[in-house]
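Coordinate inspection notes
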Amino acid sequence: MAYENPYNGFLKRITDNNGLLDKLRQRTSDGEKIKPEQLKDAYGFAHSTVTELASFLGIDKPGGNDEAVDSAGLDVYDKAVDTCINITKFSLDLARLHGPAYLIIPE
């Protein structure tokens, strides 16, 4: 019986989120001015991945047993968080160029 990686769905979403960020970066480097809503939507998708993964891993509640989470799950979680950080950094770059409408302020 083949091993099914329980993180495959999350890894695909992370790849999709990074792909969306890459497309937005490419469009801006091609001289197109993207809409702030597009950036905020990308962050929303990435953030929902982090939230759902944290719940899946059981680390979404204070006092949870983080030590019980396997290292593979934490590696996937780190990748998901990195995507959010990269989108936030990109938003800061765009805010410097085009104004504060591009700032992402997490809720």
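Let me begin by describing the structure that accompanies this report. (Residues numbered from 1 in each chain as written. Predicted model: local features only at pLDDT ≥ 70, side-chain atom pairs only at ≥ 80, totals over all residues. Heavy atoms only, no water.)

**Structural notes on a nonpolar patch on the surface**
- Together, L92, L103 and I105 make up a nonpolar patch on the protein surface, roughly 280 Å² of accessible area in all.
- Secondary-structure assignment places L92 in helix α3 (residues 71–98).
- For L92, a relative accessible area of 37% translates into the label partly exposed. (Patch = residues over 30% accessible without salt bridge, like charges linked within 9 Å, V, L, I, M, F, W, Y side chains within 5 Å. Areas by Shrake-Rupley, 256 points an atom, 1.4 Å probe, with all protein chains shown as cover. Salt bridge = Lys/Arg side-chain N within 4 Å of Asp/Glu carboxyl O. Helix = DSSP H or I, 4+ residues; strand = E, 2+ residues; numbered from the N terminus. Buried < 20%, exposed > 50% of the residue type's maximum accessible area, 1.4 Å probe, protein only.)

**What to know about α3**
- In a regular helix each residue adds 1.5 Å, so 28 residues correspond to 40 Å; α3 covers 40 Å between its end C-alpha atoms and thus fits that length.
- Here α3 has its buried residues at G73, V76, A80, T83, C84, I87, F90, S91, L94 and A95.
- Of the surrounding secondary structure, the elements contacted by the buried residues of α3 are α1 (8–29) and α2 (36–57).
- The opening residue of α3 is D70, an N-cap whose side-chain oxygen sits 3.1 Å from the backbone nitrogen of A72.
- Where α3 terminates, the next one or two residues include G99, which has phi positive at roughly 110°. (Expected span 1.5 Å × (residues − 1). Contact = heavy atoms within 4.5 Å. Polar contact = N/O pair within 3.5 Å; in protein donor to acceptor, adjacent residues only side chain to side chain.)

**A word on the side chain of T49**
- Checked against the element boundaries, T49 lands in helix α2.
- Beyond its immediate sequence surroundings of up to four residues, T49 is in contact with F10, R13, I14, N17 and A80.

**Notes on the side chain of S91**
- Here S91 is to be found in helix α3.
- On the basis of relative accessibility, which here comes to 1%, the residue S91 falls in the buried class.
- Within polar-contact distance, the side chain of S91 engages the backbone oxygen of T88 at 2.7 Å.
- With sequence-adjacent residues up to four places away left out, S91 is seen in contact with L39, Y102, L103 and I104.

**A look at the nonpolar core**
- Judged by nonpolar contacts, the single largest core of 25 residues is most densely connected at L39, L53, I87 and F90.
- Sorting the residues of this core by element identifies α1, α2 and α3 as the ones contributing at least two each.
- No other element matches α2, which puts eight residues into this core.
- Excluding anything up to four places from it in sequence, L39 contacts L24, I87, F90, S91, L94, Y102 and I104. (Core = buried A, V, L, I, M, F, W, Y, C linked by side-chain atoms within 4.5 Å.)

**Let's talk about the packing of α2 against α3**
- Where α2 meets α3, the axes come as close as 9 Å, and the angle between the chain directions of the two elements is 160°. In terms of their interaxial angle, α2 and α3 are classed as roughly antiparallel. By crossing handedness, the relation of α2 to α3 is classed as left-handed. Residue-level contacts link L39, A42, Y43, A46, H47, T49, V50, L53, A54 and L57 of α2 to G73, V76, Y77, A80, V81, T83, C84, I87, T88, F90, S91 and L94 of α3. (Axes fitted to C-alpha atoms, helices over the stretch in contact; angles between N-to-C directions. Parallel < 35°, antiparallel > 145°, perpendicular 65-115°, else oblique. Left-handed = near helix turned anticlockwise from the far one by under 90°.)

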